[in-house]
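Fold and geometry: a report
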Amino acid sequence: KCKSAVLKGYKRAFMGISKRWECSSVATIIKDKDYEVKGYACALSEKQVAILDELENSPVMFNRTDITLTDEDGAEFSGQTYKISHHCEFEFPCDDYVEACAQTKMAHYYLLKNKPKDFDYVSTKLEIWDASTNQKIGDYLLGF
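Residues numbered from 1 in each chain as written. Predicted model: local features only at pLDDT ≥ 70, side-chain atom pairs only at ≥ 80, totals over all residues. Heavy atoms only, no water.

**Things to note about the pattern of salt bridges**
- A complete count under the given rule lists nine salt bridges for this structure.
- One salt bridge in this structure joins Arg-64 and Asp-53, with 2.8 Å as the shortest N-O distance. Placement of Arg-64 in strand S3 (residues 62-70) and of Asp-53 in helix H1 (residues 46-55) is noted, with a sequence separation of 11 residues between them.
- On the basis of relative accessible area, Asp-53 is assigned to the buried category, the value being 14%.
- Several salt bridges converge on common partners, so that one network encompasses Lys-125, Glu-127, Lys-136 and Asp-139. (Salt bridge = Lys/Arg side-chain N within 4 Å of Asp/Glu carboxyl O. Helix = DSSP H or I, 4+ residues; strand = E, 2+ residues; numbered from the N terminus. Buried < 20%, exposed > 50% of the residue type's maximum accessible area, 1.4 Å probe, protein only.)

**Observations regarding the packing of aromatic side chains**
- Taken as a whole, this structure holds four aromatic pairs when the rule is applied.
- Seen in terms of ring centroids, Phe-14 and Tyr-97 are 6.3 Å apart; in terms of plane orientation they differ by 85 degrees. Their pairing is edge-to-face. With Phe-14 in strand S1 (residues 2-18) and Tyr-97 in helix H2 (residues 95-110), this pair connects stretches of sequence that are 83 residues apart.
- Residue classification places Tyr-97 among the buried positions, given a relative accessible area of 12%.
- Relative to Trp-129, the ring of Tyr-35 has its centre 5.7 Å away and its plane inclined at 80 degrees; by these criteria the two rings are edge-to-face. Of this pair, Tyr-35 sits in strand S2 (residues 24-42) while Trp-129 sits in strand S5 (residues 124-130), and the two are 94 residues apart along the sequence.
- Since its relative accessible area comes to 11%, Trp-129 is described here as buried.
- Its guanidinium or amino end placed over the ring of Phe-77, Lys-3 lies 4.2 Å from that ring's centre, counting from NZ or CZ.
- Against the face of Tyr-110 rests Lys-115, its NZ or CZ located 5.5 Å from the ring centre. (Phe/Tyr/Trp six-rings, centres within 6.5 Å; stacked < 30°, edge-to-face > 60°. Lys NZ or Arg CZ within 6 Å of the ring centre and 35° of its normal.)

**Quick word on H2**
- With 16 residues, H2 extends 22 Å between its outermost C-alpha atoms, agreeing within 8% with the 22 Å of an ideal straight helix rising 1.5 Å per residue.
- Every buried residue of H2 is accounted for by Tyr-97, Val-98, Cys-101, Ala-102, Lys-105, Met-106, His-108 and Tyr-109.
- Where the residues of H2 are buried, they touch S1, S2, S5 and strand S6 (135-142). (Expected span 1.5 Å × (residues − 1). Contact = heavy atoms within 4.5 Å.)

**Digging into the nonpolar core**
- Within the largest apolar cluster, 27 residues are counted, with the highest numbers of intra-cluster contacts made by Phe-14, Ile-84 and Tyr-97.
- Counting residues per element, the ones that place at least two in this core are S1, S2, strand S4 (76-84), H2, S5 and S6.
- The biggest single contributor to this core is H2, with six residues.
- Once residues within four sequence positions are removed from consideration, Ile-84 is found in contact with Met-15, Gly-16, Val-26, Thr-28, Met-61 and Phe-62.
- Leu-7, Tyr-10, Ile-29 and Ala-41 belong to the second-largest nonpolar core, a separate cluster that totals nine residues. (Core = buried A, V, L, I, M, F, W, Y, C linked by side-chain atoms within 4.5 Å.)

Structure representation (structure tokens):
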């Protein structure tokens, strides 16, 4: 079962080159006390984690990192995420990849017990940050 979760003190940014995603950059997280990453958390078996490690090319491209997440009631719980393992170049992420990231943000709101009335599940904005320079490159507008 999955639940809505927030990673406080980090922002989603992009770095590295993925052949699977049209040789564009993929998401990672970088520390920033003024931001938070909205997504969701799922309990996985060891077998599922091993499959995910292979898909994420861990530990070559990404390292699994321990994090503290917050649920919608404000309770903190432990989790893990994948973070790029070394400094890489930036290439604007391809549309299909950014759309997948935007859908993660949408799932965050969908999984909330108390859904906000003003959230648009069809259209959303995702900021694109270059993780190698910590510079905002632009916004990706999904469904506009």
